[in-house]
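# Summary of structural features
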Amino acid sequence: MKDLLYLPDVVTLKLYEETCNGCGMCIKVCPHDVFELSGGKAHIIRRDYCMECGACQLNCPVNAIMVNSGVGCAAGIINGILNNTEPSCGCSDSNSNCC
Amino acid sequence: MKNTFIIGNIPVSDTSVPLVSTMLKSEDYLGAVMVRWGINRDNYLVSPGLYAFGSPGPTSDVFVTANYKLSFDTLRKNLSGVNGWILVLDTRGVNVWCAAGKGTFGTKELVSRIKLVSLDKIVNHKRIILPQLGATGIAAHIVKEESGFNVHYGPVRASDIKRFIDDGYRSDKKMRRVTFGFEDRLKLIPNDFIYGKFYLLGAMAVIFIISGLTRTGFSYRDFSGEGGPAILNVFLAYLSGIVITPMSLPYIPARTFSLKGFYTGAIVFLFLLFLNLAGSNAFEIISWFLIITAISSFLAMNFTGSSTYTSLSGVKKEMKISLPLQISFAISGIIFQVIGKLN
């Protein structure tokens, strides 16, 4: 099946290649194959496929990745607006269909 | 809940670890079907802690999962013929990926759970296998620092675990990639359908009340004449947003979910218009177009949360445009409906 692509040019993903130590962890954790390792450094090759889950940032041992991560969920964003909090799907609370 | 999946105990060092079956029973399958329909979904869990499967020893692998029973069952089912340990984290009954996003399937919980079960006394190696999607909540290098254990991210799908082990604890590209195929989407629909039931009933009630409007007051002489078809239209708009759009997701020529839902709603409207079910005058017809597309678009937009490829930035951008439109469509739709009735 072909990859589903969401909106182009919106994601906040940033990779500081000069900081990258080429460990390849981002490649291992990314669910959409956004990164590639070449010349001892990671590179972003499929930016628009990034869903901002934040796994790469969290698992980067040298903090070379920045992404404004969160749930890509409309109900979660509405929840956040209504409760004046960060967007959050109420998965662990009662009543939720998010994720 | 009766833990019929526990089939014995394995004594290890100074404690004993419950042994679980890697064969699912009919009640496990039944439970899975029920939670897909939203039944007992918030209470479908297993106790956090360490479990054994097969006949494990100190060299056996440790697999980490969430305490949502569906996650636990999917894991153990895919481990038949293997010997090892399952470490269940307390994610309050939420699946791995969602819990990782919330941080409950997280570094802190993993490190403290490793210590709580004295994992270093159970196994003589430092290798723990986590589902790749858990990485959203786990910082592998910090787990290493704080517990001494090396996190190995396994494949996205439990069904690839044996291949992952055979390939020397490596996932290939395909095993790392999250997909969102027809079957994946189909599984999510029942729960979404049930979840929105109160909105559906509310919308149906509103439309039913309006449908009884006449210039001389309310009239419900003939349910099949006015209220029935009106309720049916709302129901079809609901189906359009919650079932038809998710099912045909990759085939609808739009990027944003709200536009996908709008298109599907428009088709449903045309279908009703063709059957002469979309009102009897211009006001009512316009009203039905607005109401059906608004409902369908809004519900389709909510499917972003169930999808596996939408980003927070993208959904925010989409909503900034779509939400005001959906609201104005709904409000003007109701106004037109009332005008049409009093006309």
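## Some thoughts on the pairing of strand β1 (residues 6-12) of chain B
Residue and element names in this part refer to chain B. The pairing of β1 with strand β2 (residues 15-20) spans 6 bridges and is classified as antiparallel. Within β2, the residue paired with V12 across the bridge is T15. The loop that links β1 with its antiparallel partner β2 comprises 2 residues; one of these, S13, has a positive phi angle of about 40 degrees.

## Re the interface of chain A and chain B
The partner chain B presents 49 residues to the 52 residues of chain A that form the contact. Summed over both sides, the interface of chain A with chain B buries roughly 4,500 Å², with 60% coming from carbon and sulfur. A salt bridge links D33 of chain A to R177 of chain B; the shortest N-O distance between them is 2.9 Å. Looking at the side of chain A that touches chain B, the elements that each hand over two or more residues are α1 (25-29), α2 (55-59) and α3 (74-83) of chain A.

## A few points about the domain arrangement of chain B
Residue and element names in this part refer to chain B. Under the domain assignment, chain B is made up of domain 1 (6-176) and domain 2 (182-342). One C-alpha centre belongs to domain 1, the other to domain 2; they are set 41 Å apart. Listed per partner, the contact involves 6 residues of domain 1 and 6 residues of domain 2. At the boundary of domain 1 with domain 2, total buried surface from both sides reaches about 560 Å², with 61% on carbon and sulfur atoms. It is R36, W37 and W97 in domain 1 that bury the most area against domain 2; as a group they hold 84% of the surface buried on that side. At the junction of domain 1 with domain 2, the criterion picks out 0 salt bridges. Linking domain 1 with domain 2 are 2 residue pairs in polar contact (both at pLDDT 80 or more). Considered class by class, the residues forming the side of domain 1 that touches domain 2 number 3 nonpolar, 1 polar and 2 charged.

## Re the packing of aromatic side chains
For any two aromatic rings, the description comes down to two numbers: the centre-to-centre distance and the angle of the planes. The final tally for this structure, using the stated rule, is 18 aromatic pairs over all chains. Measuring from centroid to centroid gives 5.8 Å for Y6 of chain A and F257 of chain B, while their planes differ by 85 degrees, and the two rings are edge-to-face. Note that Y6 of chain A is positioned in the segment before β1 (14-15) and F257 of chain B in helix α12 (residues 257-274), a pairing that runs across two chains. Among the residues examined, F257 of chain B registers a relative accessible area of 1% and is labelled buried. Where F53 of chain B meets F63 of chain B, the ring centres are 6.0 Å apart and the plane angle is 50 degrees; that geometry is what we call tilted. Taken together, the residues span a long stretch of sequence, with F53 of chain B in strand β3 (residues 49-53) and F63 of chain B in strand β4 (residues 61-66) at a distance of 10 residues.

## Considerations on unusual backbone geometry
Positive phi values are uncommon outside glycine, yet D33 of chain A reaches one of about 50 degrees. Here D33 of chain A is to be found in the loop between α1 and β2 (35-38). Judged by its relative accessible area of 4%, D33 of chain A falls in the buried class. The residue Y169 of chain B is not glycine, and still its phi comes out positive at about 60 degrees. Looking at the secondary structure, you find Y169 of chain B in the loop between α7 (161-166) and α8 (173-176).

## Points about helix α9 (residues 182-195) of chain B
Residues and elements named next belong to chain B. With 14 residues, α9 ought to run about 20 Å at 1.5 Å a step, and its terminal C-alpha atoms sit 20 Å apart, in line with that. Helix geometry: α9 is bent most strongly at I189, by close to 30 degrees, with proline P190 lying one to four residues after it. Taken residue by residue, α9 has R185, L188, I189, P190, N191 and D192 as its buried positions. Packed against the buried residues of α9 are α1 (26-36) and α11 (227-247).

Thresholds, definitions, all that
- Residues numbered from 1 in each chain as written.
- Chains lettered and ligands numbered in written order.
- Predicted model: local features only at pLDDT ≥ 70, side-chain atom pairs only at ≥ 80, totals over all residues.
- Heavy atoms only, no water.
- Pairing = 2+ DSSP bridges.
- Helix = DSSP H or I, 4+ residues; strand = E, 2+ residues; numbered from the N terminus.
- Contact = heavy atoms within 4.5 Å.
- Buried area = accessible area lost by both parts, 1.4 Å probe.
- Salt bridge = Lys/Arg side-chain N within 4 Å of Asp/Glu carboxyl O.
- Domains from an automatic or database assignment.
- Polar contact = N/O pair within 3.5 Å; in protein donor to acceptor, adjacent residues only side chain to side chain.
- Nonpolar A, V, L, I, M, F, W, Y, C, P; charged D, E, K, R; others polar.
- Phe/Tyr/Trp six-rings, centres within 6.5 Å; stacked < 30°, edge-to-face > 60°.
- Buried < 20%, exposed > 50% of the residue type's maximum accessible area, 1.4 Å probe, protein only.
- Expected span 1.5 Å × (residues − 1).
- Bend = angle between axes of the 7 residues up to and from the residue.

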